[in-house]
Amino acid sequence: MRTSSPSGLAQLGVTATLWLIAPCGAQNVVASGYAPGKDDAMGRAVAAIGDTDRDGVVDWAVGAPRDDRGGSDRGTVTLYSGMTGKPLRKLQGVNPGDNFGYAVASAGDVDGDGNADILVGAPHEDNEEPELVLQRAGCVRVLSGRNGDVLRLLRGRASRAAFGWSVANVGDVNRDGHQDYAVGSPFFDKLGLADVGAVHLYSGRNGDLIRVLEGEEQGARFGWSISGLDDINRDRCADIAIGAEGAGDGEAVGIVHIYSGRNGRLVRSLECEQPGAYFGSAVAAAGDHNKDRRGDVLVGAWNAANAAQQPVGAVFVFSAKSGKQLRRLEGDGRHDHFGAAVAKLDDLDGDGRPEIAVGAPQDPARRAGYVKVFSSATGDVMHTFLGERRGDSFGTSLRQVGEPNADGAVRLLVGAPGAALGGGWKVFLVPKRSS
C-alpha cells in the first residue's frame, strides 16, 4: 500500500493512504489515514456521512477532538472521499479546548443542495450568552458537506453539561420528509442532581427543537449514547434509543431507554442488571435479527463480567418489539473494553440477517485493540481485525460505509485514536461468506 502526501493533502494537514482498486494485506485494508500532530485522538469518532460531492459514493468523516492546531484541544474533523479515500476538506473548531470532533454523524441533506451534510459535536465549547458565559456547555454545528459552511449552530444551555458529547441522525421522527437529529448532554444537572443527563431532539427541516428528554437519576449520564431506530411501535415514525451507562443507584449498572420518535413516550427499557457493567455505553440499530420484521437493538456494556466474574465486556442484541434478549457476545479477556463500540453490518453469509461488529479497544494482551465481526444467526466470529501497536485503541469507533459491493463485501471504518503520533483510522473490506 502506498502512502501519499501530495501538496493538496499537506495543505489539509493530514496524511492518507490512497484508495486501492484491490485490498492490500492480510486484513484487507483498502484505505487508511493518520493525524500528523501528537495526541490529536484522530479516530475518536467516525461516521458514514453520505455522498457529499455528488460522485455517487458514500463519504466518511473522522474526528480528532484533541487536534491542537489553532490552540490546545481545539479539534478537527476530516471529510474523506468514498471514491478515492483522499481528504476532501478539514473542518476546525473555534476555540482552544472545544474538543470539536468528539462526536460526528450524518445530518442528511439539510440545505437541499443534493449533498449530504455533517453533524459535529464540540462538548466543551463555552456558550457566551449576553452578560453570561456558560463554561463547557457544549455546541453542535451542522456543516455543509459541499463546502463546510455552518448551516446551523446549536448551543448547550447549561454549564458543564457537555452538549454534543453524542450526536445521531435519528431518521424522520415527525413525518415531514426530513431526517431529524439528536444531541446528548450526559453531564446535565437537574434539580440539584448531578450528571442526570439530557437529549435534545431537533427538526432536520428547520432546526427547531422538537423536544427534550431527560434522565431521572443522579450519575446516570443519560445521553451518553444515542441511536436512531426503525419504527418499532408501528406509528410510522422512526424511534430512538438512548443509553445511560451510569444508571443504577451509583453502581453503574446502566440502562437503555427506547422512545417513540413521534411523541417522546417511553416504549420500553432494556437492562442487564449487572453492577459495574456500564450497559448502554454504546447503542446502535441492529437490523432485523429474528425476522419479525422489526429492527432490533445492539447495546454495548464495556465492563460487563462473564460467568467467571471477569470484566471482559459484552454486547447484547435485544428484540425491539418485545425487549427480549436475543444474543449475548463477550470479549476475550479482562478489561478488553469489548462493546465500547458497536455497529450493524449488512448480511455477509446469505441468511438474510445483518451481522454485528464490535470494538474492543483496550485488550490487555496486546494493548492495541481488536474488532470482531459476528454472525447474527450463530454468534460465531466471522472476521477479526487487529490494531498494530500498543496503545492504538483500535476499535474505539466503527461504522459500515456505504452499501455492499458487487461481491457482497462491505466496507468497515474503524477508528484508532492512539495510533501513530496522533491517531488514525482504517477502512477494511469485509468479504461475504457462504452460508
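Residues numbered from 1 in each chain as written. Predicted model: local features only at pLDDT ≥ 70, side-chain atom pairs only at ≥ 80, totals over all residues. Heavy atoms only, no water.

Trainee: For this particular structure, what's the right way to read the overall build of the protein chain?
Mentor: Within the protein chain one finds one helix and 32 strands. Relative to the compact-globule value of 22 Å for 435 residues, the protein chain shows a C-alpha radius of gyration of 20 Å, a close match. Its C-alpha atoms give the protein chain principal-axis dimensions of roughly 55 × 55 × 40 Å. Looking at the protein chain as a whole, 60% of its 435 residues qualify as buried. Partitioning the contacts of the protein chain with sequence separation of at least 6, the portion at a separation of at least 24 is 50%. (Helix = DSSP H or I, 4+ residues; strand = E, 2+ residues; numbered from the N terminus. Rg over C-alpha atoms; globule rule 2.2 N^0.38 Å. Buried < 20%, exposed > 50% of the residue type's maximum accessible area, 1.4 Å probe, protein only. Contact = heavy atoms within 4.5 Å.)

Trainee: Quick question: what am I supposed to make of the pairing of strand β14 (residues 166-171) here?
Mentor: The side chains of a regular strand alternate between the sheet's two faces. Most of β14 sits inside the fold, with five of its six residues counted as buried. Two strands pair when backbone bridges link them, and β14 and strand β15 (residues 180-185) are joined in this way by five bridges, in the antiparallel orientation. By the bridge assignment, Ala 168 is partnered in β15 with Ala 182. (Pairing = 2+ DSSP bridges.)

Trainee: Is there a simple way to explain the sheet that holds strand β26 (residues 341-345) in this structure?
Mentor: Strand pairs in the sheet, formed through backbone hydrogen bonds, run parallel or antiparallel to each other. The four strands lie next to each other as β26-β27-β28-β29, forming an open sheet whose pairing is antiparallel. The open sheet has two free edges, formed respectively by β26 and β29 (381-386), since each of these has just one partner strand. When the angles between neighbouring strand axes are averaged without regard to direction, this sheet yields 20 degrees. Bridge analysis of strand β28 (residues 370-374) against β29 gives five bridges, and the strand direction is antiparallel. Within β29, the residue paired with Tyr 370 across the bridge is Leu 386. (Axes fitted to C-alpha atoms, helices over the stretch in contact; angles between N-to-C directions.)

Trainee: Explain unusual backbone geometry here, please?
Mentor: Both trends apply: most residues other than glycine have a negative phi, and most peptide bonds are in trans. Phi is positive for Arg 234, which is not a glycine, with a value near 60 degrees. Note that Arg 234 resides in the loop between β18 (222-229) and β19 (239-244). For Arg 234, a relative accessible area of 46% translates into the label partly exposed. The phi dihedral of Arg 236 is positive, around 70 degrees, even though this residue is not glycine. Along the chain, Arg 236 turns up in the loop between β18 and β19.

Trainee: Looking at this structure, I do not really get the pairing of strand β24 (residues 314-318). What am I missing?
Mentor: Taking burial as the measure, the five residues of β24 include five buried ones, the bulk of the element. Residues Ala 314, Phe 316 and Phe 318 line one face of β24 and the alternating positions Val 315 and Val 317 line the opposite face, and both faces are buried. The pairing of strand β23 (residues 296-301) with β24 spans five bridges and is antiparallel. Residue Ala 301 lies in a different strand from β24, and its bridge partner there is Ala 314. In the sheet, β24 pairs with strand β25 (residues 325-330) via five bridges, with the strands oriented antiparallel. Bridge pairing in β25 places Ala 314 opposite Glu 330. Taking the residues between adjacent antiparallel strands as the criterion, β24 and β25 are bridged by six residues, where Gly 323 takes a positive phi near 85 degrees.

Trainee: What should I look at first to understand the pattern of salt bridges in this one?
Mentor: Pairing between side chains of opposite charge can happen when the charged atoms of each approach one another. All chains considered together, the criterion is met by 16 salt bridges. Measuring nitrogen to oxygen at the nearest pair gives 2.8 Å for the salt bridge that ties Glu 125 to Arg 141. Here the residue Glu 125 occupies a position in the loop between β9 (117-122) and β10 (127-129), and Arg 141 occupies one in strand β12 (residues 139-143), the gap between them amounting to 16 residues. You'll find Glu 125 and Arg 141 in the same group, each marked buried. Within the structure, one salt-bridge network assembled from shared partners comprises Glu 125, Arg 141 and Arg 155. (Salt bridge = Lys/Arg side-chain N within 4 Å of Asp/Glu carboxyl O.)

Trainee: Would you take a moment to explain the sheet that holds strand β22 (residues 279-287) for this structure?
Mentor: Taken together, the four strands give an open sheet; going across it, the order is β22-β23-β24-β25, and neighbouring strands pair in antiparallel fashion. Two strands in the sheet have a free side with no partner beyond their single neighbour: β22 and β25. Mean inter-strand twist for the sheet, computed between neighbouring axes without regard to direction, equals 20 degrees.

Trainee: Is there a simple way to think about the environment of Gln 218 in this case?
Mentor: Assignment of secondary structure puts Gln 218 in the loop between β17 (209-214) and β18. Each residue touching Gln 218, except ones within four places of it in the same chain, is listed here: Gly 192, Leu 193, Ala 194, Asp 195 and Val 196. Side-chain polar atoms of Gln 218 contact the backbone nitrogen of Ala 194, separated by 3.4 Å. (Polar contact = N/O pair within 3.5 Å; in protein donor to acceptor, adjacent residues only side chain to side chain.)

Trainee: Before we go on, may I ask you to explain the environment of Ala 365 in this structure?
Mentor: Looking at the secondary structure, you find Ala 365 in the loop between β27 (355-360) and β28. Residue classification places Ala 365 among the exposed positions, given a relative accessible area of 77%.

Trainee: Help me out: how do you make sense of the packing of aromatic side chains in this one?
Mentor: Given two aromatic rings, their pairing is described by the distance between the two centres and the angle made by the two planes. Evaluation of the coordinates by the stated rule reveals 17 aromatic pairs. Look at Phe 187 and Trp 224: their rings are 6.2 Å apart centre to centre, the planes differ by 70 degrees, and that puts the pair in the edge-to-face class. Separated by 37 residues along the polypeptide, Phe 187 in the loop between β15 and β16 (198-202) and Trp 224 in strand β18 bring together distant segments of the chain. Here a set of aromatic residues connected by ring pairs shows up, and it is made of Tyr 102, Trp 165, Phe 187 and Trp 224. (Phe/Tyr/Trp six-rings, centres within 6.5 Å; stacked < 30°, edge-to-face > 60°.)

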